[in-house]
Amino acid sequence: MPLLEFFLPVFAQAEAVEVVEKTAEVVAEVADQFSSVDTIWVLLGAALVFFMHPGFTMVEAGFTRAKNTGNIVMKNVLTFALGTIFFTIIGFGIMFAPGMNLSSETVSPYFGGIDLFSGGAIENKYGAGSYPGVVFLIFQTVFCATSATIVSGAMAERTKFGTYCIYCIVLSAFVYPVSGHWIWGGGWLAEMGFHDFAGSTVVHMVGGLSAFIGAAFLGPRLGKYTKDGKPRAILGSNLALGCLGVLILWFGWFGFNGASTVCATGDGVLTSMGSIFVTTNLAASVGAAVTMLITWFRYGKPDVSMTLNGALAGLVGITACCDVVSPIGAAVVGTLSAIFLVIGIEFIDKVLHIDDPVGAISVHGICGVVGTLCVGLLADPKVNGDFQGLFYGGSPDLLITQIIGVASVAVWITFTMLILFGVLGATVGLRVSKAEEIGGLDICEHGLASAYADFNITDQLLGIVAHEEGKVPLSQAVTVEHPAAKTVTAKPLDPNHPKFSKVEIICRQNKFDDLKSALNAIKITGMTVTQVMGCGMQKGSSEFYRGVPIDIQLLPKVRVEVVVTKVPVDLVVETAKKVLYTGNIGDGKIFVYDVENVIKVRTGEEGYNALQDE
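For clarity, every value in this text was computed on a predicted model and none was experimentally measured. (Residues numbered from 1 in each chain as written. Predicted model: local features only at pLDDT ≥ 70, side-chain atom pairs only at ≥ 80, totals over all residues. Heavy atoms only, no water.)

A.B. asks: Even after reading the chapter, I still don't get the overall build of the chain, so can you show me in this structure?
C.D. replies: Across its full length, the chain holds 18 helices and six strands. Looking at the 614 residues of the chain, the share that counts as buried comes to 51%. Within the structure as shown, the chain displays about 27700 Å² of accessible surface, and the carbon and sulfur contribution to it stands at 65%. (Helix = DSSP H or I, 4+ residues; strand = E, 2+ residues; numbered from the N terminus. Buried < 20%, exposed > 50% of the residue type's maximum accessible area, 1.4 Å probe, protein only. Areas by Shrake-Rupley, 256 points an atom, 1.4 Å probe, with all protein chains shown as cover.)

A.B. asks: What should I look at first to understand a nonpolar patch on the surface in this one?
C.D. replies: Taken together, the side chains of M100, I114, L116 and F117 define a hydrophobic patch exposed on the protein surface, amounting to about 450 Å² of accessible area. Mapped onto the elements of the fold, M100 is located in the loop between α3 (69-96) and α4 (119-122). (Patch = residues over 30% accessible without salt bridge, like charges linked within 9 Å, V, L, I, M, F, W, Y side chains within 5 Å. Salt bridge = Lys/Arg side-chain N within 4 Å of Asp/Glu carboxyl O.)

A.B. asks: Teacher, can you tell me more about the nonpolar core here?
C.D. replies: Here is a general trend for soluble globular proteins: nonpolar side chains tend to be buried in one another's company. With 115 residues, the main nonpolar core has Y167, Y176 and M417 as its most contacted residues. The greatest single-element share of this core, amounting to twelve residues, is contributed by helix α5 (residues 133-154). Non-local contacts of Y176, meaning those with residues more than four positions away in its chain, are made with F87, M95, F143, C144, S147, L171, W184, V202, V203 and V206. Judged by nonpolar contacts, the second largest core, of 18 residues, contains V558, V562, V564 and V579. (Core = buried A, V, L, I, M, F, W, Y, C linked by side-chain atoms within 4.5 Å. Contact = heavy atoms within 4.5 Å.)

A.B. asks: Where do I start with empty space enclosed by the protein in this structure?
C.D. replies: By rolling a water-sized probe across the atoms, one finds the places where empty space is left. Applying the stated criterion to the full structure yields four cavities of 30 Å³ or more. Around the largest cavity, the lining is made up of 15 residues, and of these F56, V59, V358, A360 and H364 lie nearest the centre. At the level of elements, α2 (36-63), α5, α11 (304-319) and α13 (360-378) are the ones that each hand at least two residues to the lining of the largest cavity. Looking at side-chain class alone, the lining of the largest cavity contains eight nonpolar, six polar and one charged residues. (1 Å grid on protein atoms, 1.4 Å probe; cavity = no way out; pocket = protein on both sides within 12 Å on 5 of 7 lines; lining within 4 Å. Points joined across faces, edges and corners; volume = space filled by probe spheres on them. Nonpolar A, V, L, I, M, F, W, Y, C, P; charged D, E, K, R; others polar.)

A.B. asks: Explain the layout of surface pockets here, please?
C.D. replies: As a volume, the second largest pocket reaches approximately 760 Å³. In terms of lining, the second largest pocket is formed by 29 residues, of which the most central are K224, A233, S305, M306 and D349. With five residues, the single largest contributor to the lining of the second largest pocket is helix α12 (residues 327-351). A breakdown of the residues in the lining of the second largest pocket according to their chemical character gives 15 nonpolar, five polar and nine charged.

A.B. asks: Help me understand the pattern of salt bridges in this model?
C.D. replies: Pairs may arise between side chains of opposite charge once their charged atoms sit close together. The full count for this structure, using the stated rule, is 15 salt bridges. E157 serves as the salt-bridge partner of R221, at 2.5 Å between the closest nitrogen and oxygen. Linking R221 in the loop between α8 (200-218) and α9 (239-258) with E157 in the loop between α5 and α6 (161-183), this pair joins segments that are 64 residues apart in sequence. Take R221: its relative accessible area is 4%, and that puts it in the buried class.

A.B. asks: I would appreciate a short explanation of the side chain of T291 in the present structure.
C.D. replies: The topology assignment puts T291 in helix α10 (residues 267-299). The contact partners of T291, leaving out residues within four places of it in the chain, are M306, T307, G310, A338, L341 and V342.

A.B. asks: Explain α8 to me, please; I cannot follow it from the model alone.
C.D. replies: Residue pairs three or four apart in sequence face the same way in an α-helix, which turns once every 3.6 residues. With 19 residues, α8 ought to run about 27 Å at 1.5 Å a step, and its terminal C-alpha atoms sit 25 Å apart, in line with that. In terms of burial, α8 is largely enclosed, as 16 of its 19 residues are buried. Just beyond α8, the residue with positive phi is G219, at close to 90°. (Expected span 1.5 Å × (residues − 1).)

A.B. asks: I'm lost on the packing of α2 against α3 in this one. Help?
C.D. replies: When two helices pack together, their arrangement is given by the angle between their axes and by how far apart the axes lie. Two numbers describe how α2 lies on α3: the axes approach to 9 Å, and their chain directions differ by 155°. Here α2 is positioned roughly antiparallel relative to α3, judged by the angle of their axes. You can see that α2 and α3 cross each other, and the crossing is right-handed. Residues F50, H53, F56, T57, E60 and A61 of α2 pack against T69, I72, V73, K75, N76 and F80 of α3. Class assignment of the residues belonging to the contact of α2 with α3 gives a composition of six nonpolar, four polar and two charged. (Axes fitted to C-alpha atoms, helices over the stretch in contact; angles between N-to-C directions. Parallel < 35°, antiparallel > 145°, perpendicular 65-115°, else oblique. Left-handed = near helix turned anticlockwise from the far one by under 90°.)

A.B. asks: Mind showing me how you'd approach the packing of α10 against α12 here?
C.D. replies: Relative orientation of the contacting elements α10 and α12 amounts to 40°, with a least axis distance of 7 Å. Comparing the axis directions of α10 and α12 gives the class oblique. Crossing angle aside, the handedness with which α10 passes α12 is right-handed. For the pair formed by α10 and α12, the contact residues are V278, T279, L282, A283, V286, G287, V290, T291, I294, R298 and Y299 on the first element and P327, A330, A331, G334, T335, A338, I339, L341, V342 and E346 on the second. Its residues assigned to classes, the contact of α10 with α12 comprises 14 nonpolar, five polar and two charged.

Okay, structure coming up:
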């Protein structure tokens, strides 16, 4: 027993030494496999790219009408949430796994593998470099969500929320990963030498072309075009918010492009990182400046929203070639992107009659193509010795490869999106009803009367839809004959002793056009129209906010005011009742007031003559 007690400390000490040695071996092995600097750089890039999503949200919300802001917020949040879930579950494996055998040394040319929840990447079977595979997973996840969110802006203000969510799932889980595998996953385009450094084609053209097809299926917003096809301007609700979004995107793009080196060690890489930052910033700056000059020349004044688009166009264009062009080349890319942006926006809007509220198709789709092809034209071997563009003495082979790559991805996206939007349109439907679109997607899709609770929301196109789009049905109920309707006979008017009356009508927004037409039919040609917020004794619709019932909810209404003397007041009242009546709460109110006198400012006429324009 004493002998055993003597040797026990010796055995324990030896075992401890062995554990320490093994731990040191593991630490050394891990240290040799992964670089702390590279890992942190890639994670920082992922965070910067994630920060671009608030930018996308602000741009879309600022460039569209306030009545749809809540819907836009929901779409952008769910784009990232659903994109993250389904890209992690299945998309990442399809894009980056070498094949169905996750440990295979040969890469499948067309399709990766099925790796549920990206387990193989987490175990570093694939996707790892000088950083763990799980780091590459989060980096690529934020890129996937960026591609998906591009469609949101082009299809804004009229798309069913549920339908949009289905689109996000399909794109993130399957469509984007397949074409991404061809280029970034070591597939057949990568083998050909196709170069898209940070995603002008992989991310932006995929999103832009999907947006084009989706917007074409969807059709334009109500009132966007006249009967003869001329476009109307639908002003954004908050250009300051849109500008802030663009600047946030600009900031995030340094991570989008810069961190795509997925490495931050070595003099060559560090020099390349600095060059990428310079070319990225320069292309955006030139894109904004050239777009401003073009719009100033064409429209007489520099256009604010298109100049903001111009900065994004330069950023999208430089994304494919930021690592291979010189500063001069970056300026050319920014200039070309600006030119094609303006041409594209006008052509899509005025010729194709495809309604894109934020310019996403031109910014991401067209400029994505421009930037990708610029690799074959402007690649400077002094910047990156692996590539030599046509304008720098290179052969046309690189340009031809870039063209093949763009065309191949375009065919894939067109094929899949035609099927996807066609099936969605034939089943669940793509578009909300006309009444819901007029009322705003916030209230009809989310039960939110206004995303700006303390502000009055004004729709510049209220009433324009008129008979160009046909009668607008009420979504909650159908119009029926008023039970107290009666026929009114006009009484003889005494011009010497006229009686003036003011009729004030509060009604639903989606009934205004019918009311306007009915009043015009009884010779009411002058009226004052304002948008108001309010509720009756019922305290508005029964809705919830964060699961809590709203005690009182102000709903958007229209107030129509007319002053009559020649047209009987009873006739105005009965006409309004017939048009507005549905039998449901919220049909509105009619108020009648006596008016002491009427003065026409232009002529100084008073009384009866002041209301006559003959």
